[in-house]
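# Working through the structure, step by step
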Amino acid sequence: VSHLTASSDLEGATHILLRLASHTPVGTIRATRHGGYYKLSRLVVLKEHRQHKFGRVLVEAHKAWIRADARAAGLPEAVIRCHSQLYVRPFYAR
């Protein structure tokens, strides 16, 4: 893994892009703040790269971004809610 890049869009969402050293994008995750909580959504890793645990790398980057954003916003804690399809629930339980 070479690059994790965070960028915000006009709706206030932050997208974290994971690229290989070759700059090939392999996955992304979306973070949004909704008042007192943060939402994790739109996690995707290209099928041919799923065996490398890049989903975990993206979730950890998401959590680090949330911690920093919560501190900057003066929030006493950061609650994260996952928005996903039920069939991927075991992934988030790890």
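Structure's up top.
Once a new chain begins, its residue numbering starts again from 1 and follows that chain's sequence as written. Two thresholds apply to this predicted model, a pLDDT of at least 70 for residue-level local features and 80 or more for giving and counting side-chain atom pairs, whereas whole-chain, interface and lining totals are computed over all residues. Note: side-chain values were computed over all heavy atoms of the structure, leaving out hydrogens and water.

### Things to note about the pairing of strand β4 (residues 37-45)
To be explicit about the condition: One bridge is not enough; two strands pair if DSSP finds at least two bridges between them. Helix and strand definitions here come from DSSP, where helices need a minimum of 4 consecutive H or I residues and strands a minimum of 2 consecutive E residues; each element is numbered from the N-terminal end. Handedness of a crossover is defined as follows: with both strands directed away from the viewer, a clockwise route from the first strand across the helix to the second makes it right-handed.
Examined bridge by bridge, strand β3 (residues 25-34) and β4 share 7 bridges and lie antiparallel to one another. Its bridge partner being in β4, R30 is matched across the sheet by S41. Linking β3 to β4, which pair antiparallel, is a turn of 2 residues; within it G35 sits at a positive phi near 65 degrees. Direction of pairing for β4 relative to strand β5 (residues 79-83): parallel, over a ladder of 5 bridges. Opposite S41, over in β5, you have H83 as the bridge partner. In this fold, the crossover linking β4 to β5 by way of helix α1 (residues 54-73) has right-handed handedness.

### Describing the environment of G35
On the secondary structure map, G35 appears in the loop between β3 and β4. The sequence separation of G35 and L75 amounts to 40 residues, and the corresponding C-alpha distance is 9.9 Å.

### Regarding the pattern of salt bridges
To keep things clear, this is the line we draw: Any Lys or Arg side-chain nitrogen found within 4 Å of a carboxyl oxygen on Asp or Glu counts as a salt bridge. Using a 1.4 Å probe on the protein chains alone, a residue whose accessible area is under 20% of its type maximum counts as buried, one over 50% counts as exposed, and one in between counts as partly exposed.
Taken as a whole and assessed by the stated rule, the structure comprises 2 salt bridges. In this structure, R33 and D69 form a salt bridge, with 3.0 Å as the shortest nitrogen-oxygen distance. One end of the pair, R33, is in strand β3; the other, D69, is in helix α1, and 36 residues separate them in sequence. Accessibility expressed as a relative area gives 18% for D69, which makes it buried. With a closest N to O distance of 3.3 Å, E60 and K63 form a salt bridge. Of this pair, E60 and K63 both sit in helix α1, 3 residues apart, roughly one helical turn. A relative accessible area of 38% means that E60 is categorised as partly exposed.

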